[in-house]
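One-letter residues, chain by chain:
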Amino acid sequence: MNRIERIKLPKIQDCRGNLSVLENDILPFAFKRVYYLYDVPSGASRGGHAHIEQSEFLIALSGSFDVLINTGFETQIYTLNKPDEGLLIPNGYWRELDNFSSGGICLVLASDVFEESDYIRNFDEFLAFKKS
């Protein structure tokens, strides 16, 4: 697991609505922390860091937002706007989340608990990390 990947989640549809499931065999890691971002003000940005060890899976539960990914060499933007599809971000990628729509909710499943020492919060330090 070392590349960005969109993963389609199982979707069960019937006349009562849709249901999507996240179980152990869907992600390439066991998630140890779940959190969500919501009520992000217009023009605000989240993220702005990379992880040394931790991987994450992001889902737009409601609305939409953009995920800017920087590899240290190039930048790609992914728009998330489907609650049955997520973006797998392995460790070692810089990420920024912005352009949240009104009511946008980002669910994050992380491979580990919060550990400040796992974060690279300075972009120049991230570039140096990628070169090492």
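Relevant structure appears above.
Enquirer: Please clarify how the sheet that holds strand 5 (residues 46-51) should be interpreted in this entry.
Expert: Whenever strands of a sheet pair, they do so through backbone hydrogen bonds, lying parallel or antiparallel. The antiparallel open sheet is built from 5 strands, whose spatial order is 8-7-10-5-12. Whereas interior strands pair on both sides, the edge strands pair on one side only; in this sheet they are strand 8 (75-80) and strand 12 (119-120).

Enquirer: When you look at the sheet that holds strand 4 (residues 33-37) in this model, what are you seeing that I'm missing?
Expert: Ordered by their spatial adjacency, 5 strands build an open sheet running 1-9-6-11-4, and the pairing between neighbours is antiparallel. A strand with exactly one partner marks an edge of an open sheet, and here the two such strands are strand 1 (5-8) and strand 4. Taken over all neighbouring pairs, the strand axes of this sheet differ in orientation by 25° on average, direction set aside. Pairing of strand 6 (residues 56-62) with strand 11 (residues 105-110), which is carried by 6 bridges, proceeds in the antiparallel orientation. Within strand 11, the position partnered with Ala60 by the bridge is Cys106.

Enquirer: Got a minute to help me understand the environment of Arg16 in this structure?
Expert: Inspection of the secondary structure assignment puts Arg16 in the loop between strand 2 (11-14) and strand 3 (17-20). For Arg16, a relative accessible area of 75% gives the class exposed. Within the local environment of Arg16, its side chain forms a polar contact with the side chain of Asp14, the two groups lying 2.6 Å apart.

Enquirer: Would you explain the pairing of strand 8 in this entry?
Expert: Put simply, side chains in a regular strand alternate between the two faces of the sheet. Summarising the sheet, strand 7 (residues 65-70) and strand 8 pair through 6 bridges and their orientation is antiparallel. When the sheet's bridge partners are listed, Phe65 is paired in strand 8 with Leu80. The turn linking strand 7 back onto strand 8 is made up of 4 residues, and Gly72 within it adopts a positive phi angle of 100°.

Enquirer: Please explain the nonpolar core as it appears in this structure.
Expert: Within soluble globular proteins, side chains that are nonpolar generally end up buried alongside one another. Within the largest apolar cluster, 17 residues are counted, with the highest numbers of intra-cluster contacts made by Leu58, Phe65, Val67, Ile89, Leu97 and Cys106. If you list the elements that add at least two residues to this core, you get strand 6, strand 7, strand 8, strand 9 (85-89) and strand 11. Once residues within four sequence positions are removed from consideration, Leu58 is found in contact with Phe65, Val67, Leu80, Glu85, Gly86, Leu87, Ile89, Leu97, Cys106, Leu107 and Val108.

Enquirer: Could you clarify how one ought to interpret the packing of aromatic side chains in this entry?
Expert: Aromatic rings considered in pairs are described by the distance between their centres and by the relative angle of their planes. Applying the stated rule across the entire model yields 6 aromatic pairs. Both rings, one in Phe123 and one in Phe126, keep their centres 5.7 Å apart while their planes meet at 40°; by these two values the pair is tilted. Within this pair, Phe123 and its partner Phe126 are both found in helix 1 (residues 123-131), separated by 3 residues, close to a single helical turn. Here the aromatic residues Trp94, Phe123 and Phe126 are joined through ring pairs into a cluster of three or more. We note Lys130 situated over the ring of Tyr93; from NZ or CZ to the ring centre the distance is 5.4 Å.

What counts, and at which threshold
Residues numbered from 1 in each chain as written. Predicted model: local features only at pLDDT ≥ 70, side-chain atom pairs only at ≥ 80, totals over all residues. Heavy atoms only, no water. Pairing = 2+ DSSP bridges. Helix = DSSP H or I, 4+ residues; strand = E, 2+ residues; numbered from the N terminus. Axes fitted to C-alpha atoms, helices over the stretch in contact; angles between N-to-C directions. Buried < 20%, exposed > 50% of the residue type's maximum accessible area, 1.4 Å probe, protein only. Polar contact = N/O pair within 3.5 Å; in protein donor to acceptor, adjacent residues only side chain to side chain. Core = buried A, V, L, I, M, F, W, Y, C linked by side-chain atoms within 4.5 Å. Contact = heavy atoms within 4.5 Å. Phe/Tyr/Trp six-rings, centres within 6.5 Å; stacked < 30°, edge-to-face > 60°. Lys NZ or Arg CZ within 6 Å of the ring centre and 35° of its normal.

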